[in-house]
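Structural description and commentary
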Amino acid sequence: MTSRGWNWKAKDRANGGLLYEPGNWGDILKLSWLTAVVQWKASGKNSLEYYDPFAGDVSYPLGKKTAARLAAADLDFFTSIDSAFIAHGRWPSAGSAVRPLFTGPALIWEKDDIRRSNWQAVRDVTVVDGIASGWELLYRRSTGAEAVWLLDPYDVLAEWRDWLPVLLERAVTSTVVLYIFNRSGKNREAFREYRAFRNALEDGRGPLPKRLGRAAADVFLPEHYHEMLFLPGVADCEAPGIGELMAELGRRTFALRAAQERAAVFEE
């Protein structure tokens, strides 16, 4: 299916101008990992800088399906967004979810003019100007151990060959968290491309560790998967608590899988 001229719409016809449903299982996985990484990073001695080159909107209407997912999941690590967003019928973007968790600069880029304007009204967030894409921000902005990059392009597997080298370069000096929509079950070509990406990632990452979490895109027809990739920088690997953080990422992913398994076999 081509995305040209198409936007996701909920049953009430509302959308956020996006090509996917805000608050899907991938968003839940993304926020569960990102909040853990940011909280761990903010607890250290370094000041934290947050970079979000594919920011989307500040928040979105909380759809019925998203509310049902959260109710079924009963995930304790979402308490930080309950009162600020969910209780008010909103689903936060990643940048909105983590902004209260740290002190320090938050820089975002968003191509849509309306969404950029919405971000400009948010305190303690800087909207980057003068670039043509989120990847350009990653390329131009050299960062150190204090930085956390959330990379959430619409389809990284369609453009990974151009951007994986600079992504891996940033992941040596800084913390990188990457969202991947894995459609390798679609056909042989998609499977080969995904495997090529993973092989290039393994070769380029070298001895530095990584963690990857996976959730089914659909609980009863799981042909595609949402994935989160955590790439700690060199300084991260030497920081206190890195082992505990990686274990926590696993715990959160297993908890999400348990919620999906319940939803796959019983619906209300």
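Quick caveat: nothing in here was measured; it's all calculated off a predicted structure. (Residues numbered from 1 in each chain as written. Predicted model: local features only at pLDDT ≥ 70, side-chain atom pairs only at ≥ 80, totals over all residues. Heavy atoms only, no water.)

1. Quick look at the nonpolar core
- Tyr-50 and Phe-230 are the most contacted members of the largest nonpolar core, which has 47 residues in total.
- Those elements giving two or more residues to this core turn out to be helix H1 (25-42), helix H2 (64-73), helix H4 (94-98), strand S4 (106-108), strand S6 (147-151), strand S7 (175-182), strand S9 (225-231) and helix H10 (242-265).
- Considering each element in turn, this core owes the most residues, ten residues, to H1.
- Here Tyr-50 is in contact with Leu-34, Ala-94, Gly-95, Val-98, Phe-102, Pro-105, Ala-106, Leu-107, Val-148 and Leu-150, once residues within four sequence places are set aside.
- In this structure, Tyr-51, Phe-54, Leu-107 and Val-176 belong to the second largest nonpolar core, which totals 28 residues. (Core = buried A, V, L, I, M, F, W, Y, C linked by side-chain atoms within 4.5 Å. Buried < 20%, exposed > 50% of the residue type's maximum accessible area, 1.4 Å probe, protein only. Helix = DSSP H or I, 4+ residues; strand = E, 2+ residues; numbered from the N terminus. Contact = heavy atoms within 4.5 Å.)

2. Section: helix H8 (residues 188-205)
- Under the 1.5 Å per step criterion, the end-to-end length of H8 is 25 Å for 18 residues, consistent within 8% with the ideal 26 Å.
- Here H8 has its buried residues at Tyr-194, Phe-197, Arg-198, Leu-201 and Arg-205. Seen end-on, H8 carries its buried residues on one side only, within an arc spanning 95 degrees. In this structure, H8 carries Arg-188, Glu-189, Arg-192 and Asp-203 as exposed residues pointing more than 90 degrees from its buried face.
- In this structure, the buried residues of H8 make contact with helix H7 (160-173), S7, strand S8 (211-216) and S9.
- Backbone nitrogen of Glu-189 and a side-chain oxygen of the N-cap are separated by 3.2 Å at the start of H8; the cap is Asn-187.
- At the exit of H8 stands Gly-206, carrying a positive phi of roughly 65 degrees. (Expected span 1.5 Å × (residues − 1). Arc of directions from axis to C-beta. Polar contact = N/O pair within 3.5 Å; in protein donor to acceptor, adjacent residues only side chain to side chain.)

3. Considering the pairing of S7
- Counting buried residues along S7, seven of its eight residues qualify, which places the element largely inside the surrounding structure.
- Pairing geometry for S6 and S7, over four bridges, is parallel. Within S7, the position partnered with Leu-150 by the bridge is Val-177.
- For the crossover from S6 across H7 to S7, the handedness is right-handed.
- As paired strands, S7 and S9 are joined by seven bridges and run antiparallel to one another. Paired with Asn-182 across the two strands is Tyr-225, which belongs to S9. (Pairing = 2+ DSSP bridges. Right-handed = clockwise from strand over helix to strand, strands pointing away.)

4. A word on the pattern of salt bridges
- Overall, the coordinates contain 14 salt bridges when judged by the stated rule.
- With its nearest N and O atoms 2.6 Å apart, the salt bridge here joins Lys-30 to Asp-152. Linking Lys-30 in helix H1 with Asp-152 in the loop between S6 and H7, this pair joins segments that are 122 residues apart in sequence.
- Here Asp-152 falls in the buried class, since its relative accessible area comes to 12%.
- The shortest N-O distance in the salt bridge between Glu-248 and Arg-251 comes to 2.9 Å. Here Arg-251 and Glu-248 lie together in helix H10, a separation of three residues that amounts to about one turn.
- Judged by relative accessible area, Glu-248 falls into the partly exposed class, the value being 22%.
- For Arg-251, a relative accessible area of 37% gives the class partly exposed.
- The structure contains a network of salt bridges with shared partners spanning Asp-27, Lys-30 and Asp-152. (Salt bridge = Lys/Arg side-chain N within 4 Å of Asp/Glu carboxyl O.)

5. Looking at the side chain of Glu-227
- Mapped onto the secondary structure, Glu-227 falls in strand S9.
- Residue classification places Glu-227 among the buried residues on the basis of a relative accessible area of 0%.
- A distance of 2.9 Å separates polar atoms of two side chains, one belonging to Glu-227 and the other to Asn-182.
- There is a polar contact of 2.8 Å between the side chain of Glu-227 and the side chain of Arg-214.
- The residues touching Glu-227, leaving out its near neighbours within four places in the chain, are Leu-29, Leu-178, Tyr-179, Ile-180, Asn-182, Tyr-194, Leu-212, Gly-213 and Arg-214.

6. A word on the sheet that holds S6
- Across the sheet, which stays open at both edges, the seven strands sit in the order S5-S4-S1-S6-S7-S9-S8 with mixed pairing between neighbours. The open sheet is flanked by strand S5 (126-127) and S8, the only strands paired with a single partner.
- With six bridges joining them, S8 and S9 adopt antiparallel strand pairing. Within the sheet, the bridge partner assigned to Leu-212 lies in S9 and is Leu-229.
- With respect to the sheet, H1 is in contact with strand S1 (49-52), S6, S7, S8 and S9, its orientation differing from that of S9 by roughly 15 degrees.
- Together, S8 and S9 form the strand contacts of H10, whose direction differs from that of S8 by roughly 10 degrees. (Axes fitted to C-alpha atoms, helices over the stretch in contact; angles between N-to-C directions.)

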